[in-house]
Structure formats: structure tokens, C-alpha cells
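# An overview of the molecular structure
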Amino acid sequence: MDEFDRQAARCVFVGIQGTTPTSAELDLVRRGVGAVILFARNVVDPTQVAELSRTLKSNALGPLLICIDQEGGRVQRLRPPHWTAWPSMRRIGELDEQGGVAGMNGTAIVEALGRMMARELSACGIDLDFAPVLDVDTNPANPVIGDRSFSRDPRRVARLGVALGQALERAGVASCGKHYPGHGDTTQDSHLTLPRLAHDPSRLWEVELVPFVAAARAGLASVMTAHIRFETLDRLPATLSPVALGMLRKDVGFGGCCISDDMEMRAISESWGVPDAAELAVDAGCDATLVCHTLQHQHDSIDAIARGARSGPLPRERLLEASTRVETLQKFARAASAVDPAAAPEACNPEEHRQFAALLADAIARIDRPKDPTEYRV
């Protein structure tokens, strides 16, 4: 293994299949991948997740991030009865719009929420939460974002999203704002096809990019790209677009780690193939590529990135830059010795968290929403 292999492996974040890693998956970890992402298929209870995290970390040759999507609402891999159920971010945005609850505005709510989320994640050995969602909820027909977004108001999304990300990071869990440059206005799901948006640059700066500028100014640890073709920027999806990713660095001013969405989603895999797309994403400006499901794709993606740097066309300085940014993000990675499976259950879904979730649920139930005209008589 040469330096190109080591750098390439660090730039690939992978998923595994079960609740314990196979020998082949441990070999992949020992190859030097930058992170492992957990899904519902990997989760039983806090003790098991913490033990899984500790096992993965103890087999890594260096720091290893354990990642998860724990947003609240529809997207939370860790659920009751073992973990606290958090409301969707749309409901938090509505509470903020209504003035908050129990003396807390929306900012204070998400700060408490981030602290509590981080406590449960940390106890299970999880270092990076793919949250907050920074997409602006401008399209009621959006099949994949919707209530995952805080609001249709970009300034509210920016304020609440940054507050959540900062709260997670103050508590020791890296945040990841998603999905740059903005997935909120699509009518298609990039898991299934390549969505396209024709917004002109002025619209993007007034709506979609507002939360990402705020995240850049706040210094959040990472952002995740969207597999969307923004037609006024480039013919390529943002994940593979030097134009979109150059704008992230130069105009948005983001200095943290840029992580692709899953390269096995059909928006990417059906047109470019996973390994080639992984190399193209790094070349375009992504620092890490997610390959969430297939062991062969994971190995092939490392090989493609390393080969591209070794022989071209991937500039060697670009791979070094990407690998260095991942290495900086890995400062959030706990050592295996810091993960205690026996202590994990006590930190997950404790009374304080259940009471806070109940307070939010009660306030959400009382929100004054417009009445459905088909449900009442005038």
C-alpha cells in the first residue's frame, strides 16, 4: 500500500451489512477507510451499537469516524424504546415561528436538542451526525425533503440549522449540513433518478444558499452534497461538478470537509458507475465519498481514486487536500478505549430527554395551524 492508497482509502466512507462486522468488512476498515456509516440494519440497542463502534475502531489503523443519520422525525436510525424519539425539524421550525415553548425560542430548543442528541450518539461511539438538514422547504411536492427541513424561510433554516450543528459540535459530535447546494425545491428523489433544477444564480443566493453561507461563517465541520443537476451552473450533478464545488469554497466560503451523498444512489450510479464517480467527485472537490452498501464498490472506489492520482487524471495535490480535510474531521473520532458499551444504555433515552421530547410533543400538538376547509363546517 503506497501513499496514494492510504489517502484514497481515507476519502471513502463505507457502510456494513449487519449488527457485527464480517472479517471482510474488518479487512476493509484495516485498509484505512475514513469512516463507517451506520443504518437501521446495523442497530439493535445501545450496548450492541457501542460494541460495534468499539470493534470497528479497534480494527482501524488510525482514527475512524462512526457516522449516522440522526435528524429527528422520519430520519433517525436510533429509535425508541432504547433511544429518544425527536420531532421533525419542520415542527421545531413551527415552534420557533409560534414563539417557542417554556421560555425557549427555536434557537434555544435546537441547542438543547443538539446537546441531548450528542449525548446519546457519543455513548454509542458515534462521532459524526449527518445533520442538520439545511435544505429550504420551498416545494410541497418534494418527495424526499419536506418535513426534514426547518422551514420555507431560508433565514429560519440558517439560524436553526447552524444552532443545531454548533450544539452537536460543542458536545463532541461533528455536524454535517446537507444537501449542498439545496435539495428542497426538487420534485424527484435522487435515490431513484437525477433531479434537475433550473434556478438562476440570483434565486440560489436568495434562497438555497443562504443556510450554507451561514454554516460556512459558523465554521461547521462538514457539508454533504446533493446529487442534483443545477442547470445554470453545470451539466453535471453538484456532487461531480467543479463549478458547484468551486462555488462552495470560493463564494460560499466553506472551509470544512465536503462529503458526497451516497454514490450508490441511482442519480449517480446509473450514469457514471460507483468507482468512476467516486474519483470524479474527489477531482471535482469532494473530500470524502460515501459508498454505503456494496463491499466490491467500496474497494473499487478506493482503487479508482488511488489510480487516478497515481497515473492521472486526478491531481495529486487535490487528493492530498481531500485526505487532509478528512484527517481534520477525524479529530472528532473517539478512540476505541473511550467507548464503553456497558455504560451506553444509561445515557440513551434518560428521563431528562424523555421529558424534553414530551414537552416538545405537547407544544407541537397545540400549534395553531390553518384549518382544513374539508374538515369543518362554516
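Everything numeric here is computed off the predicted structure, so don't read it as measured data.

It is worth spelling out the overall build of the chain at this point. Each helix and strand counted, the chain has 15 helices and 12 strands in total. Taken across its 378 residues, the chain has 61% of its residues classed as buried. Accessible area for the chain stands at about 14800 Å²; split by element, carbon and sulfur atoms hold 49% of it. Looking at the chain, you have 41 positive and 50 negative side-chain charges, and the mean spots of the two groups are 2 Å apart.

On to the pattern of salt bridges, then. Considering all chains together, one arrives at 32 salt bridges under this definition. Arginine 90 is the salt-bridge partner of aspartate 137, the closest N and O atoms lying 2.9 Å from each other. One end of the pair, aspartate 137, is in the loop between strand S6 (128–129) and helix H6 (154–170); the other, arginine 90, is in helix H4 (residues 89–97), and 47 residues separate them in sequence. Given a relative accessible area of 11%, aspartate 137 falls into the buried group. The class for arginine 90 is partly exposed, based on a relative accessible area of 26%. Among the salt bridges present, the one from aspartate 127 reaches arginine 334, with a minimum N-O distance of 2.8 Å. Here the residue aspartate 127 occupies a position in the loop between helix H5 (106–123) and S6, and arginine 334 occupies one in the loop between helix H13 (316–329) and helix H14 (344–347), the gap between them amounting to 207 residues. Relative accessible area serves as the criterion here: at 0%, aspartate 127 is assigned to the buried category.

On to the pairing of strand S9 (residues 222–225), then. With burial as the criterion, each face of S9 is covered, one bearing Ser222 and Met224 and the other bearing Val223 and Thr225. Strand direction decides the pairing type here: S9 and strand S11 (residues 257–262), joined by 3 bridges, are parallel. The residue bridging methionine 224 from the neighbouring strand is isoleucine 259, located in S11.

Space inside the largest pocket adds up to approximately 330 Å³. Lining the largest pocket are 21 residues; nearest its centre among them are Asp69, Arg77, Arg148, His191 and Asp261. Secondary-structure elements contributing two or more residues to the lining of the largest pocket are strand S7 (174–180) and S11. Within the lining of the largest pocket, the residues separate by chemical class into 9 nonpolar, 5 polar and 7 charged.

The subject of this paragraph is the state of the cysteines. For the structure shown, the criterion picks out 0 disulfides. Cysteine 11 forms no disulfide, and the closest cysteine sulfur to it belongs to cysteine 257, at a distance of 7.9 Å. The class for cysteine 11 is buried, based on a relative accessible area of 0%. In this structure cysteine 257 is a free cysteine whose sulfur lies 7.3 Å from that of cysteine 258, the closest cysteine sulfur available. Residue cysteine 257 is classed as buried on the basis of its relative accessible area of 1%.

Before going further, it helps to examine unusual backbone geometry. Along the chain, tyrosine 180 connects to proline 181 via a cis peptide bond; the corresponding omega equals 0 degrees. Within the secondary structure, proline 181 is located in the loop between S7 and strand S8 (196–197). That bond from glycine 312 to proline 313 is cis: its omega, 10 degrees, falls within 30 degrees of zero. Within the fold, proline 313 resides in the loop between helix H12 (295–311) and H13. For alanine 102, which is not glycine, the phi dihedral falls at a positive 50 degrees. In this fold, alanine 102 is placed in the loop between H4 and H5. Residues other than glycine seldom take positive phi values, yet asparagine 349 does so here, at roughly 55 degrees. Summarising the element assignment, asparagine 349 is placed in the loop between H14 and helix H15 (351–365). Look at asparagine 349 and you get buried, because its relative accessible area is 14%.

In this section: the packing of aromatic side chains. Counted under the stated rule, the structure contains 2 aromatic pairs. Ring centres of tyrosine 180 and phenylalanine 212 lie 5.5 Å apart, and the angle between their planes is 85 degrees; on these two criteria the pair is classed as edge-to-face. Highlighted residues: tyrosine 180 in strand S7 and phenylalanine 212 in helix H8 (residues 210–218), separated in sequence by 32 residues.

On to the nonpolar core, then. Membership of the largest hydrophobic core comes to 101 residues, with the highest contact counts inside it found for Val36, Leu56, Ile126 and Phe356. Tallying contributions element by element places H5 first for this core, with 9 residues. Apart from residues lying up to four places away in sequence, phenylalanine 356 is in contact with Trp86, Met104, Ile109, Ala112, Leu113 and Met116. If you look at the next biggest cluster of nonpolar residues, it comprises 20 residues, including Leu128, Cys176, Cys292 and Ala333.

Right, let's talk about the side chain of serine 301 for a bit. Relative to the assigned elements, serine 301 resides in helix H12. Sequence-distant contacts of serine 301, defined by excluding residues within four places in its chain, comprise Val12, Val274, Pro275, Ala278 and Val291.

Okay, helix H9 (residues 242–252) next. The set of residues buried in H9 consists of Ala244, Leu245, Gly246, Met247, Leu248, Arg249 and Val252. Looking one or two places after H9, you find glycine 253, whose phi comes out positive at around 85 degrees.

So, about H13. The end-to-end C-alpha separation of H13 is 20 Å, in line with the 20 Å expected for 14 residues at 1.5 Å each. The complete set of buried residues in H13 reads Arg318, Leu319, Ala322, Ser323, Arg325, Val326 and Leu329. Along the axis of H13, the buried positions cluster into a sector of 160 degrees, meaning they face one direction only.

What counts as what
Residues numbered from 1 in each chain as written. Predicted model: local features only at pLDDT ≥ 70, side-chain atom pairs only at ≥ 80, totals over all residues. Heavy atoms only, no water. Helix = DSSP H or I, 4+ residues; strand = E, 2+ residues; numbered from the N terminus. Buried < 20%, exposed > 50% of the residue type's maximum accessible area, 1.4 Å probe, protein only. Areas by Shrake-Rupley, 256 points an atom, 1.4 Å probe, with all protein chains shown as cover. Lys, Arg positive; Asp, Glu negative; His and termini not counted. Charge placed at Lys NZ, Arg CZ, Asp CG, Glu CD. Salt bridge = Lys/Arg side-chain N within 4 Å of Asp/Glu carboxyl O. Pairing = 2+ DSSP bridges. 1 Å grid on protein atoms, 1.4 Å probe; cavity = no way out; pocket = protein on both sides within 12 Å on 5 of 7 lines; lining within 4 Å. Points joined across faces, edges and corners; volume = space filled by probe spheres on them. Nonpolar A, V, L, I, M, F, W, Y, C, P; charged D, E, K, R; others polar. Disulfide = S-S within 2.5 Å. Phe/Tyr/Trp six-rings, centres within 6.5 Å; stacked < 30°, edge-to-face > 60°. Core = buried A, V, L, I, M, F, W, Y, C linked by side-chain atoms within 4.5 Å. Contact = heavy atoms within 4.5 Å. Expected span 1.5 Å × (residues − 1). Arc of directions from axis to C-beta.

Taken by themselves, the reported measurements are silent on function.
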